[in-house]
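Observations on chain architecture
Residues per chain are reported as follows:
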Amino acid sequence: MHLLSNETVLVRSNDDKIILTNLRLHMTSRKYGRNYQVTIFLEDICSIHNVYRSNTYYLMLAILSFFWGAASSTNRENIASIYGGFILGGIFLSLWLSTRGHQVTFYSKGGSTLSFFVDQMGDEQIEDFIHRVEEARLQRLKQL
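Overview of the structure. (Residues numbered from 1 in each chain as written. Predicted model: local features only at pLDDT ≥ 70, side-chain atom pairs only at ≥ 80, totals over all residues. Heavy atoms only, no water.)

1. Things to note about the side chain of glutamate 43
With respect to the helices, strands and loops of the structure, glutamate 43 is situated in the loop between β4 (34-41) and β5 (45-53). Here arginine 140 takes part through its side chain, which lies 3.0 Å from a polar atom of the side chain of glutamate 43. (Helix = DSSP H or I, 4+ residues; strand = E, 2+ residues; numbered from the N terminus. Polar contact = N/O pair within 3.5 Å; in protein donor to acceptor, adjacent residues only side chain to side chain.)

2. Quick notes on the nonpolar core
Among the nonpolar cores identified, the biggest contains 19 residues, and Leu25, Phe106, Leu114, Phe116 and Phe129 are the most heavily contacted of them. For this core, the secondary-structure elements that each account for two or more residues are β2 (18-21), β3 (24-31), β4, β6 (101-108), β7 (113-117) and α3 (123-143). No other element matches α3, which puts five residues into this core. With near-sequence residues (within four places) excluded, phenylalanine 116 lies in contact with Asn14, Ile18, Met27, His102, Gln103, Val104, Phe106 and Phe129. (Core = buried A, V, L, I, M, F, W, Y, C linked by side-chain atoms within 4.5 Å. Buried < 20%, exposed > 50% of the residue type's maximum accessible area, 1.4 Å probe, protein only. Contact = heavy atoms within 4.5 Å.)

3. Concerning the side chain of histidine 26
With respect to the secondary-structure elements, histidine 26 resides in strand β3. Here the side chain of histidine 26 touches threonine 28 through a polar contact of 3.1 Å, side chain to side chain. Separated by 2.6 Å, the side chains of histidine 26 and threonine 39 make a polar contact.

4. Thoughts on a nonpolar patch on the surface
The grouping of Trp68, Ile79, Tyr83, Ile87, Leu88, Ile91 and Leu95 at the surface amounts to a nonpolar patch, some 660 Å² of accessible area in total. In terms of residues, the nonpolar patch owes the most to one element, helix α2 (residues 79-98), which gives six residues. Relative to the helices and strands, tyrosine 83 is located in helix α2. Residue tyrosine 83 is classed as exposed on the basis of its relative accessible area of 55%. (Patch = residues over 30% accessible without salt bridge, like charges linked within 9 Å, V, L, I, M, F, W, Y side chains within 5 Å. Areas by Shrake-Rupley, 256 points an atom, 1.4 Å probe, with all protein chains shown as cover. Salt bridge = Lys/Arg side-chain N within 4 Å of Asp/Glu carboxyl O.)

5. Description of α3
Its 21 residues place the ends of α3 30 Å apart at the C-alpha level, agreeing with the 30 Å of an ideal helix rising 1.5 Å per residue. Looking at α3, one finds that the buried residues are Ile126, Phe129, Ile130, Val133, Ala136 and Arg140. One side of α3 holds all its buried residues, which, seen down the axis, span an arc of 120°. Exposed side chains of α3 directed beyond 90 degrees from the buried face belong to Glu124, Glu127 and Lys142. As for α3, its buried residues are in contact with β1 (9-13), β2, β3, β5, β6 and β7. (Expected span 1.5 Å × (residues − 1). Arc of directions from axis to C-beta.)

In structure tokens, the structure reads:
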């Protein structure tokens, strides 16, 4: 990220993927093997969402797979079906556990959203980051 002439970095977060400056919030990430960037100027932020998300489809598939393996256990002749159900259930359960986490989304007025999953940060650190964004936004609005 190249800084503007009157811009200073306030906070770097999420392994330098999210950068808060005195003028804007910038995210750099990779999706489907390609880099992409989203930038929102602080004065354009209209709301901030901090939610805990998980992919419940994986959990449902895990439950169905475990149920299939348990139901197949009544017929001892079909061992592959028993093992397959439990193995698939374990895979889907691990996928569900890997998709759980806090998602922070910044919405801009009439523009795109800046959304990311927070890695390796506690609740207090997430709240502190959001507070810093709000403080920087307030300072930016005072400048305008």
